[in-house]
Amino acid sequence: MKKHNFSAGPSILPQSVIKDSAAAILNFADMDLSLIEISHRSPQFDAVVVKARQLALELAGLENKGYTALFLQGGASLQFLMSAYNLMPVNGKAAYVDTGAWSSKAIKEAKLLGEVDVVASSKDKGYNYIPKNYTIPADAAYVHITTNNTIFGTQFNDFPDVNVPLVADMSSDIFSKALDFSKFDLIYAGAQKNIGASGTTLVIVKDEILGKTGREIPTLLNYETHIKKDSLFHTPAVFSIYVSMKYLEWVKDLGGVAAIEKINREKAALLYDEIDKNPHFKGFAAAEDRSLMNVTFNLTDESVKERFDKLAADNGIHAIKGHRSVGGYRASIYNAMPIESVQALVDVMKKL
Ligand SMILES: *Cc1c(COP(=O)(O)O)cnc(C)c1O
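Residues numbered from 1 in each chain as written. Predicted model: local features only at pLDDT ≥ 70, side-chain atom pairs only at ≥ 80, totals over all residues. Heavy atoms only, no water.

Chemist: So what exactly am I meant to see when it comes to the nonpolar core here?
Modeler: As a rule of thumb, soluble globular proteins bury nonpolar side chains together. Phe175 and Leu271 are the most contacted members of the largest nonpolar core, which has 88 residues in total. When residues in this core are grouped by element, the largest group, 9 residues, is from helix H2 (residues 43-60). In this structure, this core is formed jointly by two domains, domain 1 (15-254) and domain 2 (257-351), each of which donates at least three residues. One finds Leu70, Tyr85, Leu210 and Leu221 within the second-largest nonpolar core, a separate group that totals 28 residues. (Core = buried A, V, L, I, M, F, W, Y, C linked by side-chain atoms within 4.5 Å. Buried < 20%, exposed > 50% of the residue type's maximum accessible area, 1.4 Å probe, protein only. Helix = DSSP H or I, 4+ residues; strand = E, 2+ residues; numbered from the N terminus. Domains from an automatic or database assignment.)

Now the structure itself:
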């Protein structure tokens with residue numbers, strides 16, 4: 001049966017990326033060797049890293065603007081700690097906006113290194129909105145936000161105007177819509193939501209913000225280590241980086257971030273319209289903060305749950321169960337999801 005993959009992460013990849021990656025496992029770059037059995041220092045693999053890093057900067061519009069793109073290990077979760085390690089001064093303080101579970105985890109790690117000022121939180125309403133109109137203390141070394149809240153289905157539309165480095169966890173919405181990426185000084189994103197397979201994390205950092213904390217940073221946690229070695233300080237996640245390179249190429253071939261935004265907006269509108277029209281469903285997130293990537297919704301009457309779940313399963317709808325902390329349903333409609341799959345879900349909702 002054709003499956004429509006709404007998984008929150010690891011998540012759907014373009015079919016062409018899956019096919020190319022599978023082929024590279026068997027025979028990479030006409031070497032008659034597998035991608036996963038050759039040296040990461042071979043010229044053939046080096047070309048992959050160079051290309052992946054270049055595409056990331058190109059899609060962000062950050063080429064030749066003092067930024068470096070890295071593909072690191074440890075997931076976005078390690079970036080919670082690593083970003084703070086590299087930016088929190090000794091005896092310093094940083095501002096964090098708390099928009100859900102992932103923000104809270106970032107806050108927990110930053111507290112190991114300095115004072116954390118949670119300048120705004122949407123916890124009071126179960127994280128169903130993005131806080132607005134907060135002030136950043138003048139002595140904050142940086143501000144950290146989570147641009148898309150994967151679990152709750154909320155997304156920033158406007159970003160705080162700050163005159164200190166702006167750090168963003170973009171794990172679940174990187175390259176999903178056109179942005180002025182130069183507003184950000186540090187961006188990180190686990191690849192497995194919107195730009196690849198698990199095992200690597202894209203980091204885009206503005207070089208000039210580094211080296212100012214006055215603290216000693218463990219070698220592998222220091223962005224400068226990876227910048228100096230062109231993202232090949234140690235053995236990288238070769239397969240995952242290859243998948244990301246192919247994924248970013250796919251985004252570029254589609255016409256780049258603005259082109260993909262148009263499709264993403266059509267997909268999201270299709271699904272939110274049905275949620276708003278259909279008396280069986282109600283949306284979870286505040287309307288103005290709804291995510292283009294993770295659409296969260298609940299049933300208005302739980303007695304139809306079994307029928308809806310069966311209809312969904314019978315029609316190939318995969319992984320729409322909501323996160324355990326929110327309940328209900330979550331349809332993740334990342335970059336790689338075709339609009340036909342969103343239509344398939346809407347058709348099932350109409351049948352209920
Ligand atoms: C999934 C996710 C993470 C965690 O990513 P890992 O790569 O599993 O560590 C962090 N932040 C956000 C917003 C996420 O969606």
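Chemist: So what exactly am I meant to see when it comes to the domain arrangement of the chain here?
Modeler: Size of an interface: often given as the accessible area lost when the parts come together. When its domains are assigned, the chain resolves into domain 1 (15-254) and domain 2 (257-351). Centre-to-centre, using C-alpha coordinates, domain 1 lies 27 Å away from domain 2. Each partner contributes residues to the interface: domain 1 has 28 residues there, and domain 2 has 26 residues. In total, about 2,200 Å² of surface goes out of reach between domain 1 and domain 2, with carbon and sulfur atoms giving 55% of it. (Contact = heavy atoms within 4.5 Å. Buried area = accessible area lost by both parts, 1.4 Å probe.)

Chemist: What is the right way to look at the sheet that holds strand S12 (residues 294-299) in this model?
Modeler: Sheet strands line up and pair through hydrogen bonds in the backbone, either parallel or antiparallel. Here we have 3 strands laid out as an open sheet, ordered S11-S12-S14, and antiparallel in their pairing. One side of each edge strand has no neighbouring strand; the edge strands of this open sheet are strand S11 (281-283) and strand S14 (329-332). Neighbour to neighbour, the strand axes of the sheet diverge by 35 degrees on average, direction disregarded. As paired strands, S12 and S14 are joined by 4 bridges and run antiparallel to one another. Note on S14: the bridge partner recorded for valine 295 is alanine 331. Each of S11, S12 and S14 touches helix H8 (residues 257-277); the most contacted strand, S12, lies at about 15 degrees to it. (Pairing = 2+ DSSP bridges. Axes fitted to C-alpha atoms, helices over the stretch in contact; angles between N-to-C directions.)

Chemist: Which parts of the structure should I look at to understand the packing of aromatic side chains?
Modeler: Working definition: an aromatic ring pair is given by the centre-to-centre distance plus the angle between the planes. Enumeration over the complete set of coordinates arrives at 13 aromatic pairs. Ring centres of tyrosine 247 and tryptophan 250 lie 5.6 Å apart, and the angle between their planes is 85 degrees; this geometry places the pair in the edge-to-face category. Taken as a pair, tyrosine 247 and tryptophan 250 lie in helix H7 (residues 238-254) at a separation of 3 residues, close to a single helical turn. On the basis of relative accessibility, which here comes to 0%, the residue tyrosine 247 falls in the buried class. Where phenylalanine 297 meets tyrosine 329, the ring centres are 5.6 Å apart and the plane angle is 25 degrees; that geometry is what we call stacked. Taken together, the positions of phenylalanine 297 in strand S12 and tyrosine 329 in strand S14 put the pair 32 residues apart, joining distant regions of the chain. Assessed through its relative accessible area of 0%, phenylalanine 297 is described here as buried. (Phe/Tyr/Trp six-rings, centres within 6.5 Å; stacked < 30°, edge-to-face > 60°.)

Chemist: How should I be thinking about helix H10 (residues 339-351) in this particular structure?
Modeler: Since one α-helical turn is 3.6 residues long, residues separated by three or four positions face the same way. If you check H10, its first and last C-alpha atoms are 18 Å apart, about what 13 residues at 1.5 Å a residue would give, namely 18 Å. Of the positions making up H10, those classed as buried are Ser341, Val342, Ala344, Leu345, Val346, Val348 and Met349. (Expected span 1.5 Å × (residues − 1).)

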